[in-house]
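Secondary and tertiary structure notes
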Amino acid sequence: MSKQSLIMAIPTLFFGGLIVFLLIWNFILSLENWSLFNPTPKFTGPQSYLYLFTQNFFYTSAQHTLLFTVGLVAIGDILGLLLAALLYFLPSNAQRAVYLSIFIYPIAIPPTATALVWLWLFNPQIGVDWLLAKLSLPVIPWFATPLNTQLALVLVEVWAYTGLAVLFYLASFLSVDKSIIEAARLDGASSFNLLFRVLLPNSMNGFIISTALLFLFSLRIFDIPFIMSGSATSPTLMTLVTYIYYLYAYSEYFSAAAALATLVAIIAAIVIIPYALLGLKRWVFRR
Amino acid sequence: MVITIVRHDSWRLQIKHGAASAPILLPPTQFSTEAYYFDWVGFGTLIGLEFPMIRQLLITVPVALASVILGSMGAYFFYMQMERRPWVSNVGFSIISLATFLPAQTLTVPLIELTSSLGIYQTYWGGLAFAYFIFYLPMSALLMSIFLPVVPNYLIESARLDGARDWSIFWHVIFPLILPGFLSTLIFVFLMVWQDFFTPLIIATRPSLYMLPVAARQYVGGYAILYNRSFAAGVITSLVPLIVFAFLGRYFIRGLAALGGGAKGV
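Residues numbered from 1 in each chain as written. Chains lettered and ligands numbered in written order. Predicted model: local features only at pLDDT ≥ 70, side-chain atom pairs only at ≥ 80, totals over all residues. Heavy atoms only, no water.

Before going further, it helps to spend a moment on the interface of chain A and chain B. Facing 79 residues of chain A, the contacting portion of chain B comprises 88 residues. For the chain A and chain B pair, buried surface summed over both sides reaches about 7,600 Å², with 78% attributable to carbon and sulfur atoms. Linking chain A with chain B are zero salt bridges. The tally of links from chain A across to chain B stands at nine residue pairs in polar contact (both at pLDDT 80 or more). For the side of chain A that touches chain B, the leading source of residues is helix H14 (residues 254–285) of chain A, giving 18 residues. (Contact = heavy atoms within 4.5 Å. Buried area = accessible area lost by both parts, 1.4 Å probe. Salt bridge = Lys/Arg side-chain N within 4 Å of Asp/Glu carboxyl O. Polar contact = N/O pair within 3.5 Å; in protein donor to acceptor, adjacent residues only side chain to side chain. Helix = DSSP H or I, 4+ residues; strand = E, 2+ residues; numbered from the N terminus.)

Right, dumping it as C-alpha cells:
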C-alpha cells in the first residue's frame with residue numbers, strides 16, 4: 001500500500017488518536033486530587049472514585065440515567081416496531097417516505113428548540129393540560145413531583161428519538177426477502193401474523209441497531225434536561241453526564257469529574273466497540 | 001450567582017419598559033413581530049441572536065465541509081487496509097465509532113485542559129473548530145467508510161493497474177461514485193454540528209463568543225414565561241435546520257440509516 005493513502009488519512013488518524021489520548025489523560029487525571037482548592041495535583045490513587053461513591057448526587061444521577069435509558073429503550077423499541085410495521089404496510093413508497101421524514105424530523109432540530117417547545121406543552125395552564133381541561137379530561141400534573149418530571153423527560157426523549165427505531169426496523173423489514181412474504185400472504189396470513197411470525201424473526205439486525213443506538217443517544221442526553229431544568233444544578237433531572245458537568249463547573253473538583261467521565265466512557269465503550277466490530281463492520285462490508 | 005443577578009436585572013428593566021413586553025400568562029391577542037426583533041437585537045444583558053447566528057453559519061459550514069472531505073480520505077485508507085492488514089482497519093473502525101458515539105461530556109476536563117494549554121480556549125477558529133473536529137471528523141470518517149464499499153473493487157484495481165496513485169484514484173474514481181454518500185454525510189454532520197450544545201457551552205463561555213444554541217438558551221431559561229420571546233428564539237435557532245431538512249431531508253435520513261450499517265433499503 002502506498003504512502004499516499006497514509007498521508008491522506010493523517011487528519012482522521014490525528015483526531016481519532018486525539019480522542020484516545022484525551023480518554024487516557026482523563027483516566028490519569030481521575031487518579032489525582034486536582035480541584036479548585038488544590039491547584040497542584042498529586043497522585044492519590046482511587047480517592048476521587050471513592051469520593052464519588054459517597055455522593056448522593058452520584059446515586060440519584062445514576063438512577064435517573066437508568067430510568068431514562070430503560071424508558072427510552074423499552075418504549076422506543078416497542079413504539080418504533082409498531083410504527084415501522086404501519087409504515088411497512090403502507091401501499092406507496094412516496095407515502096412511506098413522507099411519514100418516515102415526519103418521524104425522523106425531531107432528530108434534526110436543535111435540542112434547545114425541543115426543550116422549549118416541551119416546556120410550553122408541559123405548562124399546567126396553557127400547555128397540553130389546557131386542552132385536557134377544555135375537554136374535561138383529568139389533567140396531568142407534569143412537573144408536580146420529581147418522578148413526574150422524570151417521566152415527562154422520558155416522554156420528550158421518546159418523542160425525539162423514536163424515529164431512530166422506526167428507521168432501523170423499517171430498513172430491516174424492507175430487506176426481508178419478498179418471496180417469503182408473498183408465500184405467507186398466499187397461505188392466508190393476516191398482517192398481524194405476518195409482522196410477528198415472519199417479519200420480526202427476520203429482523204434481528206433492526207432490533208440490535210435500534211437498541212444500541214437508543215441506549216447511546218439516551219446515555220449522552222445532556223441538552224434537553226439541562227435546558228428544561230434551567231441549569232446543571234437541578235437534582236431532579238440530573239443525569240450522569242450532567243453530573244460530570246456539575247462536578248467540573250460547580251463543585252470544581254476536576255478529578256472527580258474525570259473519574260465519573262471515565263466510568264461513563266467505560267459504560268459507553270462496552271456497548272460501542274462490540275457494536276462497531278461485531279455488528280456495524282460485518283453488516284457494512286458484507287458484499 | 002451571576003446568572004441570578006443578570007436575570008433579576010433584566011427583569012427589572014423589563015418591568016420598567018413594560019410597554020415592550022407581552023403580558024404574562026395571557027393568551028395572545030394580536031399579531032406582532034416584536035419578539036423576533038427583541039431576540040435578534042438583544043436587550044440589556046441579553047445577547048441578541050444576530051451575531052451568534054452569523055458565527056454559527058461561518059463556523060458550521062466550513063467545519064462540516066472540511067471534516068467530511070478529510071474524513072472520507074481517512075475512510076479510504078481504512079478501506080484499503082481492510083484486506084491487507086485487517087487489524088489496522090479494525091482498530092481504526094473502533095476508534096472512529098468510539099468518537100462518534102461517546103458522550104461528549106466524558107472529555108470535558110481534558111478537552112478544556114488541552115485547549116487552554118494550547119492557548120486556544122475561548123476562541124473560534126482555534127478552540128471551537130478544533131473541538132468540533134475532534135468529534136465530527138471521526139464521525140464523518142465512520143459514515144464515509146459505510147458508504148465507501150458501494151464502489152466495486154475492480155474499478156479501484158483497474159485504476160491502479162493503469163498506474164493511478166491513491167490521490168487520483170480517490171478523486172477521479174471513488175469520489176464521483178460516492179457523491180450521494182458524501183452529500184448524506186455532509187448534511188448529517190452539518191445538522192449535528194449545528195445542534196451541538198455542549199461543545200460551545202464549555203469552549204466558548206464568554207458572552208461575546210456565544211454560539212447560537214447557547215445564546216438561545218438565555219431566552220429559554222430566564223424568560224420561560226414570556227412565551228413569544230422564547231419561541232422566537234426557538235424559531236431562529238431551528239430556522240436553518242428546518243430549511244435544510246425540508247429540501248435535503250432524504251440525505252439526512254440516508255446518513256442516519258448508514259449509522260445502523262445494514263440499513264440499505266430506505
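There is more to say after this.
All names here are of chain B. Topologically, threonine 60 is positioned in helix H3 (residues 50–84). Looking at threonine 60, the relative accessible area reads 0%, which means it is buried. Here the side chain of threonine 60 touches glutamine 56 through a polar contact of 2.5 Å, landing on its backbone oxygen. The residues touching threonine 60, leaving out its near neighbours within four places in the chain, are Phe190, Val193 and Trp194. (Buried < 20%, exposed > 50% of the residue type's maximum accessible area, 1.4 Å probe, protein only.)

Once that is clear, we can look at the pattern of salt bridges. All names here are of chain B. This model, assessed by the stated rule, comprises two salt bridges over all chains. Residue arginine 229 pairs with glutamate 34 through a salt bridge whose shortest N-O separation is 2.6 Å. Of this pair, arginine 229 sits in helix H12 (residues 227–259) while glutamate 34 sits in helix H2 (residues 34–41); the two residues are 195 residues apart in sequence, bridging distant segments of the chain. Arginine 160 is the partner of aspartate 166 in a salt bridge, and the nearest nitrogen-oxygen pair spans 2.8 Å.

Residues and elements named next belong to chain A. Relative to the helices and strands, alanine 152 is located in helix H8 (residues 146–174). In sequence terms alanine 152 and proline 141 are eleven residues apart; their C-alpha atoms lie 9.9 Å from each other. Sequence-distant contacts of alanine 152, that is, excluding residues within four places in its chain, are made with Phe122, Trp142 and Phe143.

Keep in mind these numbers describe shape, not what the thing actually does.
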